[in-house]
Each structure stands twice: as structure tokens, then as C-alpha cells.
Amino acid sequence: MEKSRYEVIMEQKTGKLLAGSLIYGILFAVLLYRNMSGIGIPVLMLVTCLFLAGFFRMFEMKLKKETVYYMTVMVLLGVSSTLTTSDFFIMFNWFGSIGLFFLILIHQFYEDRNWNFLSYTVVYLRMMFAPLGNLLSPFRALIRYRKSKEDGEEKKKSGYIGQVVLGIILAGLLLLVIFPLLFSGDMVFAEFIRLFTGNFRGFSFSTGWITLFLVGFILCFAVWQAFVNYDPDFETEEKEERPIQVAGITCISILTAVYLIFCAIQLGSLFFGHGMGLPDGYTYAEYARSGFFELLGVSIINLLIVLAVIHLFYPKRLMQRLLTVFSGCTYVMILSSGYRMCMYIEAYRFTLSRVLVLWGLCVLSFILAGVIVNVYKKDFPLFRYSAAVCAAFYLILSISRPDEWMARYNLAYKEEWIESYDEIRYLFSRDLLLAVDAEQIQHLKGDPGNLIHYCQEVVDMYDNEPGWTYSIGEARAKESAERFLKEYGDIT
């Protein structure tokens with residue numbers, strides 16, 4: 001079987017790929033060791049993007065426009081992680097960055113312009129796990145590389161690269177022994193190193209550091225090997241002949257008729273009627289503040305139904321019109337769910353779950369718009385459009401630090417918001433301290449001593465050394481807590 005262009009390049013530049021993967025593994029370990037949200041994280045994201053660009057150049061690829069967009073979002077997610085203390089957003093910033101990493105690779109390696117949503121999803125899920133099957137590839141490549149014999153200048157050039165790789169490996173192994181000795185032998189040198197690597201206490205190379213290095217090195221090479229070996233073209237061939245089945249039209253017609261009745265009731269009772277026709281004993285407030293999760297669930301199901309119809313059938317004029325009306329009804333449900341949630345927030349104030357519902361409804365609205373376009377335009381890049389929308393909306397949500405502005409709103413409009421220490425401790429992150437204002441909390445009926453106790457805990461538990469682990473979010477929270485305790489600690 002003839003080798004692909006990428007496989008040939010992979011064999012020719014094995015030495016460079018190994019050296020690059022080795023260097024990345026070292027940087028990966030240094031920046032990530034004992035660090036999930038420090039300033040080393042955006043640096044790691046930037047380093048990852050630069051290495052990606054360098055490897056793409058090695059494979060004779062030009063950066064595509066969407067790739068630059070995804071890389072920018074990756075770096076900004078890293079910035080968001082160091083600006084917040086929310087474990088929720090720190091965790092999902094990592095998930096988002098990993099997801100964008102594989103999206104970048106797929107978009108660069110393959111011609112994905114005409115892939116449908118299902119094909120893209122299948123390839124994406126497969127490639128996320130494909131590197132696991134290539135974990136031994138860097139070691140096999142190193143063995144093959146050392147055994148390979150080439151003539152003329154290519155042999156000489158390859159020999160130089162091999163010597164560089166070998167030299168890096170030997171230097172790295174020797175530094176594992178020498179660096180701790182230098183670190184302990186001179187305090188000035190030790191302080192200089194701590195300035196950049198505050199997470200290395202005593203500079204002892206633990207099992208965790210070595211593990212991170214191996215993970216970074218092995219996965220870096222394994223990812224490239226997986227993408228070079230896989231050709232998804234045969235799995236994404238479009239079936240041009242997809243019959244319009246009467247069963248599909250019938251099903252969508254019945255659902256659309258039911259939804260039209262439901263939407264008419266929403267318009268009559270919720271938006272304009274203010275509870276007209278409600279059962280006895282059921283108030284408009286109770287009616288408006290219920291059902292948002294159920295309607296969100298139905299909206300998601302409707303989105304999946306439209307995607308399934310697009311994939312199974314070939315929508316022509318009648319089906320297109322039905323799906324358009326069907327999607328229009330879904331928009332009414334999304335609006336109804338959002339309206340109900342806003343009324344619920346007005347009564348009970350913000351929590352993260354309520355914010356996520358509103359965020360999800362916004363994202364769902366934009367994705368549904370893309371689905372409608374896909375109904376009429378078969379080659380619309382729905383998966384890439386959806387990924388771009390999700391990335392943009394999540395970045396906005398993450399970098400805005402919701403806990404801070406939720407706390408500002410709750411402090412301003414809810415007299416009994418700070419009711420218990422546990423409510424502060426477990427429902428919000430330390431970002432809420434950025435919103436603390438003693439003049440505002442003096443009107444609260446809840447015990448402000450709970451907030452004072454929480455601020456004292458934040459100050460006492462603060463452990464944020466200079467270096468790659470330094471978190472701007474933690475430092476700002478501690479500063480806010482200290483200021484509050486200094487000026488208003490006597491409030492009871």
C-alpha cells in the first residue's frame with residue numbers, strides 16, 4: 001500500500017519530531033507540575049500553540065484561518081483559568097482547551113469542508129482516543145531512526161539530528177541529578193530558580209514531575225503518529241441518494257402540529273395573557289417560574305430530531321418547510337424557558353446553575369440557526385460552526401468570572417442572601433469576595449459574621465507562591481478579604 005504524503009514526511013523528519021516532542025515534554029512538566037490555574041497555564045497554552053504551528057510547518061501545512069481562531073481561544077482560556085478561583089471554570093477551561101486541540105489537528109490534517117455533522121462527530125471522537133493506541137510509537141520510531149541508513153548528505157544531516165536528540169536526552173538525565181545539588185548548594189541560585197518555578201519546593205524531582213514529562217513527550221509524538229496514520233476520507237463519503245420517506249414527513253408533521261398548539265398557549269398565557277386560563281389555585285408567578293428545565297430538555301431533543309432528519313433523509317421543499325416551522329416552534333420553547341428562568345432569578349437571585357441554563361439557551365439558539373441553514377444548504381459546515389459558537393460563548397462566560405457579578409447582583413437585591421457560612425463556602429468560589437462591599441452588606445438581614453469568618457479563612461489558607469503556580473485570581477481574592485477584614489471586621 002502506497003504511503004501518504006504525511007507518512008513520508010513523518011519518516012523523513014522523525015528525528016526533528018522526536019526532539020520537538022522531548023522539548024515539549026520538558027516544558028509540559030515544568031509548567032504543569034502542581035499547577036492547574038497559575039500563570040504557567042496560559043504560558044503552556046501559548047507554548048502548545050507555537051509547537052503546533054512549528055509541527056504544521058514541518059508537515060508543509062499552512063495555518064488555516066479557523067486554526068488561528070481556535071488557538072486564540074485556547075490561550076484565552078488559559079488566561080481565564082489564572083484570573084478565577086472557580087474550580088468549575090478551571091476544570092471546564094481544561095476540557096475546552098483539549099477539545100480545541102483536537103479540533104485544530106482535524107481541521108489542519110483533513111479536508112473537512114464538506115463533512116456532515118455525523119461524519120465530523122465520528123472522526124472527532126475517534127481521533128480523541130487514537131493517540132492511546134500509539135503510546136509506544138515514539139520508542140518504535142527512535143529504534144527505527146537509529147537503525148535507518150541513508151546515503152550522502154541526508155545521512156550526514158540525519159546523523160546530526162540524531163546526535164542532537166541524544167545530547168538532549170543525556171543532558172536531561174544528568175540535570176535530574178545535578179540541578180537538585182545546585183539548588184541546595186547556593187541560596188541565590190535557588191531564589192533565582194524559584195522566581196520562575198515557585199512550584200518546585202526544594203527542587204526535588206518527584207514521581208509526579210517525571211510522569212508529567214513522560215505524558216507530555218509520549219502523547220505529543222503519539223498524537224502526530226495517530227493523525228498521520230489515519231485517513232478518514234473513506235468514512236465520510238456522502239450518500240447522494242437519500243429517499244424522502246413518508247414516515248419522516250408524517251412524524252415531523254404530527255410533532256409540528258402539537259408544538260404549534262403549545263406555542264399558541266405560551267403566547268396566550270405566559271407572554272401576553274399573564275396567566276389567562278390557569279387552573280384554580282395556580283398563580284401566574286408559580287406558572288412562570290416552573291417548567292424551564294423541561295422546556296430546555298424538549299428544545300435539545302428537537303435539535304437532535306432535526307439533525308437526524310437531515311442525516312437520514314434528503315430534505316426537499318416540503319420537508320424543508322416542515323423543519324423550518326418545527327425549528328420556529330423550538331425557538332418559542334427556548335424563549336419560554338429563558339423567560340421563566342429570568343422570572344425565577346428575579347425572585348430567588350442568581351446561582352451558577354441558573355446562569356448556565358441561560359447560557360445554554362443562548363448557545364442552543366445559535367446552533368439551531370446553523371441547523372436551519374443546513375436544512376437548505378447541504379454543504380454548510382455545521383460541526384465547525386457549532387464548535388466555533390460554543391468556544392466563543394464559553395470563553396465569554398468563563399472570562400467574565402460569573403461568581404463575582406452574581407454576588408454583586410445578589411448583594412444588591414436580596415436582603416437575606418448571606419444566610420449561612422456553608423452557603424458562601426460551597427455555592428460560590430472566592431471570586432465573590434471581589435464583589436464584597438461593607439456598605440452593601442450592612443443592610444443584609446443575614447449574619448455578616450458568616451462573611452467575616454469566610455474572609456478570615458481565605459486569608460489564613462492562602463498559599464500562592466511566586467512562580468508558574470501563581471494565581472492572579474487567588475491573589476485578588478486574598479487582597480479583597482484582607483481589605484474587608486481591615487476596614488469592616490467589627491461589623492456584627
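Everything numeric in this text was worked out from a predicted model, so none of it was measured. (Residues numbered from 1 in each chain as written. Predicted model: local features only at pLDDT ≥ 70, side-chain atom pairs only at ≥ 80, totals over all residues. Heavy atoms only, no water.)

Participant: Which residues make up the overall build of the chain, and what are the values?
Facilitator: Helix and strand counts for the chain stand at 21 helices and zero strands. The contacts in the chain between residues at least 6 apart in sequence include a share of 78% that link residues at least 24 apart. When the accessible surface of the chain is summed, it comes to about 25,600 Å², and 65% of that surface belongs to carbon and sulfur atoms. (Helix = DSSP H or I, 4+ residues; strand = E, 2+ residues; numbered from the N terminus. Contact = heavy atoms within 4.5 Å. Areas by Shrake-Rupley, 256 points an atom, 1.4 Å probe, with all protein chains shown as cover.)

Participant: How would you summarise the nonpolar core if you had to cite specific residues and measurements?
Facilitator: Ranked by size, the top nonpolar core spans 121 residues in total, and within it Phe109, Trp224 and Leu433 carry the most contacts. The greatest single-element share of this core, amounting to twelve residues, is contributed by helix α10 (residues 207-229). If we ignore the near neighbours within four places in the chain, the residues touching phenylalanine 109 are Tyr6, Phe56, Met61, Trp224, Phe227 and Val228. (Core = buried A, V, L, I, M, F, W, Y, C linked by side-chain atoms within 4.5 Å. Buried < 20%, exposed > 50% of the residue type's maximum accessible area, 1.4 Å probe, protein only.)

Participant: How would you summarise the layout of surface pockets if you had to cite specific residues and measurements?
Facilitator: Here the largest pocket defines a volume of roughly 870 Å³. As for the largest pocket, its lining consists of 30 residues, and the residues nearest its centre are Trp359, Ser386, Ala387, Cys390 and Ala391. Elements represented by at least two residues in the lining of the largest pocket include exactly α4 (65-83), α5 (87-109), α6 (117-129), α13 (292-312), α15 (352-376) and α16 (382-399). For the lining of the largest pocket, the element with the highest residue contribution is α16, accounting for eight residues. Of the residues in the lining of the largest pocket, the class split is 26 nonpolar, four polar and no charged. (1 Å grid on protein atoms, 1.4 Å probe; cavity = no way out; pocket = protein on both sides within 12 Å on 5 of 7 lines; lining within 4 Å. Points joined across faces, edges and corners; volume = space filled by probe spheres on them. Nonpolar A, V, L, I, M, F, W, Y, C, P; charged D, E, K, R; others polar.)

Participant: Could you give an account of the environment of phenylalanine 51, with specific residues and numbers?
Facilitator: Mapping phenylalanine 51 onto the fold places it in helix α3 (residues 40-58). For phenylalanine 51 and isoleucine 23, which are 28 residues apart along the polypeptide, the C-alpha to C-alpha distance reads 9.8 Å. In this structure, phenylalanine 51 is in contact with Gly20, Ile23, Tyr24 and Leu27, ignoring residues within four places of it in sequence.

Participant: Provide a residue-level description of the confidence of the model for the chain, including the pertinent values.
Facilitator: Summing up the model confidence of the chain, the mean pLDDT is 80 and the portion of residues at 70 or higher is 75%. Per-element averaging of pLDDT across the chain places helix α12 (residues 284-288) at the bottom with 55 and α4 at the top with 96. For the stretch residues 149-155, pLDDT sits under 50, and the model shows two contacts to residues farther than four places along the chain or on other chains. Note on residues 234-239: pLDDT under 50 across the span, and nine contacts to partners over four residues away in sequence or across chains. (pLDDT = per-residue confidence, 0-100.)

Participant: Can you lay out the pattern of salt bridges for me, pointing to particular residues and giving the numbers?
Facilitator: Evaluation of the coordinates by the stated rule reveals six salt bridges. For arginine 384, the salt bridge is made with glutamate 66, and the minimal N-O distance between the two is 2.5 Å. Residue arginine 384 is found in helix α16, and its partner glutamate 66 is found in helix α4; the two are separated by 318 residues along the sequence. According to the relative accessible area criterion, arginine 384 is buried, its value standing at 12%. Linking arginine 384 and aspartate 112 is a salt bridge whose minimum nitrogen-to-oxygen distance equals 3.8 Å. With arginine 384 in helix α16 and aspartate 112 in the loop between α5 and α6, this residue pair connects regions lying 272 residues apart in the sequence. Both residues of the pair, arginine 384 and aspartate 112, belong to the buried class. Residues joined in a network through salt bridges with shared partners are Glu66, Asp112 and Arg384. (Salt bridge = Lys/Arg side-chain N within 4 Å of Asp/Glu carboxyl O.)

Participant: So what's going on with the environment of phenylalanine 217? Residues and values would help.
Facilitator: Its place among the elements puts phenylalanine 217 in helix α10. Considered as a pair, phenylalanine 217 and proline 138 are 79 residues apart in the sequence and their alpha carbons are 8.5 Å apart. In this view, phenylalanine 217 contacts Leu18, Ser21, Leu22, Gly25 and Pro138; residues no more than four positions away in its chain are not counted.

Participant: Please provide a residue-by-residue account of unusual backbone geometry, values included.
Facilitator: The phi torsion at arginine 34 lies on the positive side, around 50°, for a residue other than glycine. Mapped onto the fold, arginine 34 is located in the loop between α2 (14-32) and α3. A positive phi angle, near 55°, is found at arginine 401, a position not held by glycine. By secondary structure assignment, the location of arginine 401 is in the loop between α16 and α17 (402-413). On the basis of relative accessible area, arginine 401 is assigned to the buried category, the value being 14%.

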